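Descriptive analysis of the structure
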Amino acid sequence: MSDESVRVRYAPSPTGYPHIGNIRTALFNWLFARHAGGKFIVRIEDTDQSRKVDGALESILNSLRWIRVDWDEGPEVGGDYGPYFQSERRDLYQKYAQQLLEGGHAYKCYCSAERLDRMRAEMAERKESMRSYDRHCRELNERERVELEAGGTSPVIRFKMPLAGQTTFNDLIRGDITFDNNELDDLVLLKSDGYPTYHLANIVDDRFMKITHVMRADEWLSSTPRHVLLYRAFDWEPPLFAHLPMILGPDKSKLSKRHGAASLIEYRDMGYLPEAMMNYLALLGWALDDKTEIFSQEELIRHFSIRRISKTAAIFNKDKLDWMNGVYIRNVVIEAPAAKVDSEAYTPVITTDLIQQLMEFLDKHLPHEVNRPISREYVEQIWPLIRERITTLREVADNFDFFFIDELVYETDLLLDKKLTTDTVVTALKAALQSLTDLSADWDRIGRDAEKLAEDAQLLEEVLRPLAAGLGLKAGELFKLLRVAVTGSTAAPPLFQTMAALGRVRCMKRIRAALGKLELV
RNA sequence: GGCGCAUUCGUCUAGCGGUUUAGGACACCUCCCUCUCAAGGAGGAGAUCACGGGUUCGAAUCCCGUAUGCGCUACCA
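Just so it is clear, the structure is predicted and the values come from calculations on it, not from any experiment. (Residues numbered from 1 in each chain as written. Chains lettered and ligands numbered in written order. Predicted model: local features only at pLDDT ≥ 70, side-chain atom pairs only at ≥ 80, totals over all residues. Heavy atoms only, no water.)

Things to note about the sheet that holds strand β4 (residues 156-159)
Rules: Here the rule is simple: two strands pair whenever DSSP picks up at least two bridges between them. Only DSSP runs of H or I reaching four residues or more are called helices, and only runs of E reaching two or more are called strands; each is numbered from the N terminus. Orientation is described by lines fitted to C-alpha atoms, with helices fitted over the stretch in contact, and by angles between N-to-C directions that extend from 0 to 180 degrees.
Taken in spatial order, the three strands make up an open sheet running β3-β4-β7, and their pairing is antiparallel. Either end of the sheet is taken by a strand with one partner, and the two such strands are β3 (106-109) and β7 (188-190). Neighbour-to-neighbour, the strand axes of the sheet open up by a mean angle of 45 degrees, direction not taken into account.

This is how it looks when you write it as structure tokens:
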């Protein structure tokens, strides 16, 4: 299905860091556009001067860039339908507000905030069905208007909502939806500071940016009849609507800071991969079938369709994200083999430099005493040992620091075992130390490649496994001692490969350190 | 309060009138593999399809009510 005329937009307002729900909306729009071969536009809705937040624009753009959602028109790239900041299109909105005024579809309202507050308070007290505005200024006569105008208050322009009838529109996800017009109030189109409200601006912009499909969060559903009526007042054909299910926190409420990480960028900083994030987000409210979970970006684009978007709000499930990130980390194919593109096997594909990303985390989170720059060659060597044991890149610096630091810090108790006497432990470690000393000097050669590393590991096993028997220990018992001595932990990658990667000098030094600790017992 | 939308395992979901003893995934449990931890493999437990009425030979699937949840109800988006 290719339709180059498709034009969709992501229209965030720069009021803070975009959270997962915002970016999921952007993603769905983007997937839809890319699938259709249409255009994806980013438009900044900065019409509320008081809510503007410094740095928000950059964080929106950075979030999109991070998960690799690119835009055809918008900030930084421009386009034929700009400007793409609503604050730069005020003349347009004023012109069309004026047109509505002249056509009898809108009116000026001089009510003060105080009067509005009072009115609402009274309504609430009388338990009347809440209406946001009592239409006080809708039927002013000429004399009253002149008087108010002379009073110097700058008016807002309100839409003259039809008082009767119904408005029905079709939602691509939910079907036909009908509202009674008398439920709709005379919303403000143009604020007294000359800026438009969302309602006016989004209609005018979607019209002039030739937007064909409006895909936005569910919370906009109730505003849609007002928008449809506005289109009608202008005598414009409305675009197609699709209201996306919301993403909720674990307590089923709207996602916010209270739920821990809410902004997308925080996930980048925690060590999630953008490819995994896109994959996970795509599955929040959309599914291809009853089994496929792992999709490359290309596969997502190829299969995405509005028809398969679900109606119900989804709860963000970090456990599943963790799992998926792990799948990407350990199964990643750095470059998609050409032959696989059309195959039915869904394979995680990462187009970015994973090791480079890891290097950045290590540089940032490893203790200061670790020398910089960290060797990429070394990281590539140990990568196979850690990739199966992490769910995020950030964890490497925390759980595998023994690959990098000099002095291991751990409780001496870890070396002791209920079944073994301290003497036995000391004897075993000394014997192991001797074995390593006796080992061929080849071990520890500089510039070891993966093959050499495997050889070293095998060599170590050939020496150390028989040693256990000689000491009257089970292999596992000896290995545990060495593991603690060499990594400072009872849980680590396979012993011999770890020792091979660490190198003879460090291993022997650490075993001596362990013996030193035991002497103090 | 009013209006709107939604309601399948704890969570994400498949299902679009009979192929369903409701399928998959995450998480959980057991076993296998194993030098630990993971990963992987094999199993298991887990959903009276919110509830109540219809329609139909037959309903998770269609209709109506109720309940619950969420959203909107600003000179915010």
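Here we look at the pattern of salt bridges
Our working definition: The working definition used for a salt bridge is a side-chain nitrogen of Lys or Arg within 4 Å of a carboxyl oxygen of Asp or Glu. Accessible area is worked out with a 1.4 Å probe on protein chains only. A residue is then buried under 20% of its type maximum, exposed over 50%, and partly exposed in between.
In this structure the tally under the stated criterion is 30 salt bridges. When the shortest N-O distance is used, the salt bridge between D70 and R34 registers 3.3 Å. Here R34 lies in helix α1 (residues 20-36) and D70 lies in the loop between α2 (56-66) and α3 (90-102), a separation of 36 residues in the sequence. A salt bridge links D363 to R372, with the nearest nitrogen and oxygen atoms 3.5 Å apart. Looking at D363, the relative accessible area reads 41%, which means it is partly exposed. Each of the salt bridges in this network shares a partner with another, and the network as a whole consists of R9, R43, E45, R89, D205 and D206.

Overview of the pairing of strand β1 (residues 7-10)
How we decide: With the strands aimed away from the viewer, a crossover counts as right-handed if its path from the first strand over the helix to the second runs clockwise.
Residues R7 and R9 point to one face of β1 and V8 and Y10 to the other, with burial holding for every one of them. When β1 meets strand β2 (residues 39-42), the two strands line up parallel, connected through four bridges. Within the sheet, the bridge partner assigned to R7 lies in β2 and is K39. Regarding topology, α1 serves as the crossover connection from β1 to the parallel β2, and that connection is right-handed.

A word on the packing of aromatic side chains
Stated precisely, the cut-off is as follows: Stacked, edge-to-face and tilted labels apply to pairs of Phe, Tyr and Trp rings (six-membered ring for Trp) whose centres lie within 6.5 Å, assigned for plane angles under 30 degrees, over 60, and everything in between, in that order. Both a distance and an angle decide whether a charge sits over a ring: NZ of Lys or CZ of Arg must be within 6 Å of the ring centre and within 35 degrees of the ring normal.
Counted according to the given criterion, the structure contains 18 aromatic pairs. Centre to centre, the rings of F402 and F403 are 4.5 Å apart; their planes meet at 35 degrees, and the pair counts as tilted. Overall, F403 belongs to the buried group, its relative accessible area being 0%. Positioned above the aromatic ring of F28, the side-chain terminus of R24 is 4.6 Å from the ring centre. A cation over an aromatic ring shows up here: R90 above the ring of Y195, its NZ or CZ 4.1 Å from the ring centre.

What about the confidence of the model for chain A?
The condition that has to hold: Note: pLDDT gives the predictor's confidence per residue, expressed from 0 to 100. Two residues qualify as a contact provided that any one of their heavy atoms is within 4.5 Å of a heavy atom in the partner residue.
When pLDDT is averaged along chain A, the result is 91, and 94% of the positions lie at 70 or above. Between residues 335-344, whose pLDDT stays under 50, and residues either more than four places distant or in other chains, the model counts five contacts.

Quick notes on the protein's contact with RNA strand B
Note the threshold: Any residue with at least one heavy atom within 4 Å of a molecule or strand is counted as near it.
The immediate surroundings of RNA strand B are formed by 62 residues, with R307, E388, R389, R483 and A492 found nearest. Close to the protein, within 4 Å, the atoms of RNA strand B are drawn from sugar and phosphate at a rate of 72%. Secondary-structure elements contributing two or more residues to the surface near RNA strand B are β4, β6 (175-180), β11 (314-315), α11 (318-331), α17 (475-487) and α18 (495-502). Considering every element that reaches the surface near RNA strand B, the biggest residue donor is α11, with four residues.

Quick notes on the pairing of strand β5 (residues 166-171)
Of the two faces of β5, the one lined by T167, F169 and D171 is fully buried and the one lined by Q166, T168 and N170 carries no buried residue. Pairing analysis gives six bridges linking β5 to β6, with the strands arranged antiparallel. Looking at β6, one finds that Q166 is bridged to D180. Between the end of β5 and the start of β6, which pair antiparallel, lie three residues.

Examining the domain arrangement of chain A
Filter applied, for reference: Each domain's extent was defined by an automatic or database domain assignment.
The domain architecture assigned to chain A consists of domain 1 (7-85 + 248-340), domain 2 (89-245), domain 3 (354-403) and domain 4 (412-519). The distance between the C-alpha centroids of domain 2 and domain 4 comes to 75 Å.

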